[in-house]
There are 2 protein chains.
Amino acid sequence: MVERRKPIKVDEAIIRVMEYAEAGSVQHVPIEESYGHFLGEDLVADHPVPPFDRSPYDGFAIRSTDTATAASNNPVLVEVIGEIGAGSLFEQPVGRMQAVRIMTGAQIPETCDAVVMFESVKEMDVDGKKMIRVKRRFKAGDNVSFTGEDTNQGEILAYKGTSINPGIVALLATFGYKNVPVSKKPKVGIIATGSELLEVDQEIQPGKIRNSNAYMVYAQVERAGGEPVYFGQFSDDFETCFEQVTDTLEKVDILITTGGVSVGDYDYLPDIYEKMNANVLFNKVGMRPGSVTTVAEKEGKLLFGLSGNPSACYVGFELFTRPIIRTFLHASRPISKKEIAILGADFPKPNPFDRFVRGSLSYTHGKLVATPVGLDKSSVVSSLGEANILIVLPSGTRGYKQGMEVSVILLEDQEGATLEAVVDKEGMKKGSMSHG
Amino acid sequence: MVERRKPIKVDEAIIRVMEYAEAGSVQHVPIEESYGHFLGEDLVADHPVPPFDRSPYDGFAIRSTDTATAASNNPVLVEVIGEIGAGSLFEQPVGRMQAVRIMTGAQIPETCDAVVMFESVKEMDVDGKKMIRVKRRFKAGDNVSFTGEDTNQGEILAYKGTSINPGIVALLATFGYKNVPVSKKPKVGIIATGSELLEVDQEIQPGKIRNSNAYMVYAQVERAGGEPVYFGQFSDDFETCFEQVTDTLEKVDILITTGGVSVGDYDYLPDIYEKMNANVLFNKVGMRPGSVTTVAEKEGKLLFGLSGNPSACYVGFELFTRPIIRTFLHASRPISKKEIAILGADFPKPNPFDRFVRGSLSYTHGKLVATPVGLDKSSVVSSLGEANILIVLPSGTRGYKQGMEVSVILLEDQEGATLEAVVDKEGMKKGSMSHG
């Protein structure tokens, strides 16, 4: 008989899952390996920037008082008594009507307080002395980058959980992080089930398809910031599969199964969860695709029973698993960002359920345009390569027309959003009530 | 004396560099390691999708002719003679007024031509036989996913040079790519020069700063898809440095130096290029920051002399080096995508040169908003972590106001653009004329 399950709202499902979200531990990696990791601690300035008063240009460091009377019809001559390359210091005193040639980034000599750019003066030789002719007045501080004007010592420049991009790497180097505290990536186990599945290197056989979901989810885990571990295809035998699932759960932080949880006779994953004494958070969600997504919890670890249909599996991962991985990585905004876009094509399908359509985001003269990729049948994979958003089409209407405003979930975004910012407020309330 | 260099336009500089862009070789990696690589060959369907006529739902496979007279006031009874799980076949003939229970994804039995969903029928037991009651007429093909309806055998589903995302991985698995042809990543050597530089683990010293550019560029190379190799800080001695640069160039596909190419007395990289007999494509670009960017070519290999200033170095890499890396990876759209956005804050600086301001892209009700991050002095690094775009502010105006339309270059985008789509057509013409 068909098992009846009671669907819950997507937002409520996210809220239920997020109640078990936990941050992981912190480890250190050499700065060269830090790109693509997530900060495990706040990034703090160990010194002010600039670390000393310095010249932002190539020019001459001067004493501004020497130019008090300078004007284009009354130039003053200042003697150049030396030069400072970047990284070196000029330690002898610079006296009245004296200047020092200075390179970009070099420290301003103690008695100087302004810099004249090369382009603003004429250099000349007077009686064997190097001189510059200054034709206007300079004030103290002109063309000086002051100590700490960009960053104070102790300032937090990026928060833990931030994805480490090239700019963050520059900050890490500047502030002496030879070894970088990064969030340990959660180990995410992947199990494929389903007697229709061939392995990727098997020839196509009648009635069967190659296992694509496991590899797809493997890459989704990597994109989310986790460390995927593929445990292969599991047995269709209940007892064997039960052993395999419980053994695997010991070895990972998060466990994903794909397939075998379609409504129907061959699905025994719910029984496995029951036999494990796992706490099933939900086993049906009011959405398409992915309605038969099950999430359970066992001693604080989450088990994601994703659908065997490629797009249902894809959507289920992004909505429910990704925020758990990001929280493990210490992100304060673990949920994928939601934005408004213009629908780039008709989506005429009737829509009795909230629908998440894989789409491609483009821009037309500064506006976001969301275009569904392919037919978006839940069994279709050929359009998945172009997908970088999920287009959210709420239930209750008779299809959507090109040009309408829709919400989109950004799949490649690193910034993220808080749970509060994304889910429906009613859903939040219901979510906490259901646990109250 | 200050060396005078003749600046060229940014677009012309890009065109000159791209004349030396070359695609690299192809290697194979296991599918599990393919995420984050780039396709080295077109991805081709080795079989149609679906590979056979299959059921998109759980239901009953029927012969549509049996329902010709069915209506809500005239239900027909059909006998269920068996069932088909996904991956298995039902090989006995299905006769008149017979049906087979079928799971999502399973192959339709030969004599059936439609599927009735579970929800649409009533199951019943009649004289010990399993029957279903069908209350409407079905046409041949109803609820059938036909062979090849999504993808034909031989179809190209993604082109070489495409960044491998989770959707592409799903395709690779579906079409049997146990080992994936990927573009070999170019080996990009990085050399830091500059007597002001401390290594990342050294304590701050008067007049000196830690070397952040080398690590930043290291991560930029990774983001672009290259394989960075850091060769450390090079000598300030001309002869030693000359040897080091020429030796290093032998070991890499592309060589980047950062620092030591500021206008001023201490810059001998131009002399090194000359002594190497390298072909200097340009040594000054009409832009800020990054005006003193030099690119040279030696026996087909490109040497990028990027500025020692962090943001100049950052911008120089993204404008000139990234497209070379992407071309090496077989991308047909190697240039970073340019879009229109609304400026999110005033940028009051006078602007005698084309300016590339690091910015952060956000969205306000479906519109792109580009906000400069930090002060964007070329020595400032603290805002770099938030940068995901370069805001293009052309010369010739007196600063920009919030709300104005500006062009932005997307730094995290994977799709890219062609050279023709991005550069100024005049620049293209000049570029080819200068070589004509």
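What counts as what
Residues numbered from 1 in each chain as written. Chains lettered and ligands numbered in written order. Predicted model: local features only at pLDDT ≥ 70, side-chain atom pairs only at ≥ 80, totals over all residues. Heavy atoms only, no water. Contact = heavy atoms within 4.5 Å. Buried area = accessible area lost by both parts, 1.4 Å probe. Salt bridge = Lys/Arg side-chain N within 4 Å of Asp/Glu carboxyl O. Polar contact = N/O pair within 3.5 Å; in protein donor to acceptor, adjacent residues only side chain to side chain. Helix = DSSP H or I, 4+ residues; strand = E, 2+ residues; numbered from the N terminus. Nonpolar A, V, L, I, M, F, W, Y, C, P; charged D, E, K, R; others polar. Domains from an automatic or database assignment. Core = buried A, V, L, I, M, F, W, Y, C linked by side-chain atoms within 4.5 Å. Buried < 20%, exposed > 50% of the residue type's maximum accessible area, 1.4 Å probe, protein only. Least-squares fit on C-alpha atoms with pLDDT ≥ 70 in both. Axes fitted to C-alpha atoms, helices over the stretch in contact; angles between N-to-C directions. Parallel < 35°, antiparallel > 145°, perpendicular 65-115°, else oblique. Left-handed = near helix turned anticlockwise from the far one by under 90°.

Trainee: Please clarify how the interface of chain B and chain A should be interpreted in this entry.
Mentor: The parts lose accessible area when they come together, and the size of an interface is often stated as this lost area. In this complex, chain B contributes 86 residues to the contact, which on the side of chain A involves 85 residues. Contact between chain B and chain A buries roughly 7700 Å² in total, counting both sides, with carbon and sulfur atoms accounting for 59%. The tally of links between chain B and chain A comes to two salt bridges. Between Arg210 of chain B and Asp46 of chain A there is a salt bridge; the shortest N-O distance is 2.9 Å. Where chain B packs against chain A, one counts 13 residue pairs in polar contact (both at pLDDT 80 or more). Looking at the side of chain B that touches chain A, the elements with two or more residues in it are β4 (76-84), α2 (166-174), β13 (209-210), α3 (213-224), β20 (338-343), β22 (367-372) and β24 (405-410) of chain B. At nine residues, the largest contribution of residues to the side of chain B that touches chain A is made by α2 of chain B. Of the residues contributing to the side of chain B that touches chain A, the split by class is 40 nonpolar, 24 polar and 22 charged.

Trainee: What exactly am I supposed to notice about the domain arrangement of chain A here?
Mentor: Once the domains are mapped, chain A shows domain 1 (10-25 + 184-328), domain 2 (30-49 + 151-183), domain 3 (59-134) and domain 4 (338-412). Here the C-alpha centre of domain 3 of chain A lies 69 Å away from the C-alpha centre of domain 1 of chain A.

Trainee: How should the nonpolar core be read in this particular structure?
Mentor: The biggest cluster of nonpolar side chains holds 74 residues, and the ones touching the most others in it are Val17, Phe282, Phe304 and Phe320 of chain A together with Leu43 and Leu172 of chain B. Apart from residues no more than four positions distant in its own chain, Val17 of chain A is found in contact with Leu281, Phe282, Val295, Leu302, Phe304, Phe320 and Ile324 of chain A. In this structure, Ile14, Leu197, Ile324 and Phe356 of chain B belong to the second largest nonpolar core, which totals 52 residues.

Trainee: Sorry if this is basic, but what is going on with the relation of the copies chain B and chain A here?
Mentor: Relating the two copies of this chain is a rotation about some axis coupled with a shift parallel to it. Placing chain B over chain A gives an RMSD of 0.1 Å and needs a rotation angle of 180 degrees, together with 0.0 Å of translation along the axis. Seen this way, the second copy is the image of the first under a two-fold rotation axis. Taking C-alpha positions as reference, the residue of chain B nearest the rotation axis is Lys367 of chain B, located at 2.3 Å. Residue by residue, 99% of the interface of chain B is reproduced at the interface of chain A, so both copies engage with the same surface.

Trainee: Sorry if this is basic, but what is going on with the packing of helix α2 (residues 166-174) of chain A against α3 of chain B here?
Mentor: Each pair of packed helices can be described by the angle between their axes along with the distance between the axes. Contact pair α2 of chain A / α3 of chain B: the axes reach a minimum separation of 8 Å and the direction vectors enclose 160 degrees. It follows from the interaxial angle that α2 of chain A and α3 of chain B lie roughly antiparallel. Considering the relative orientation of α2 of chain A and α3 of chain B, their crossing is right-handed. Each of Pro166, Val169, Ala170 and Ala173 of chain A in α2 of chain A lies in contact with α3 of chain B, whose residues at this interface are Tyr215, Met216, Ala219, Gln220 and Arg223 of chain B. Taken together, the residues that form the contact of α2 of chain A with α3 of chain B break down as seven nonpolar, one polar and one charged.

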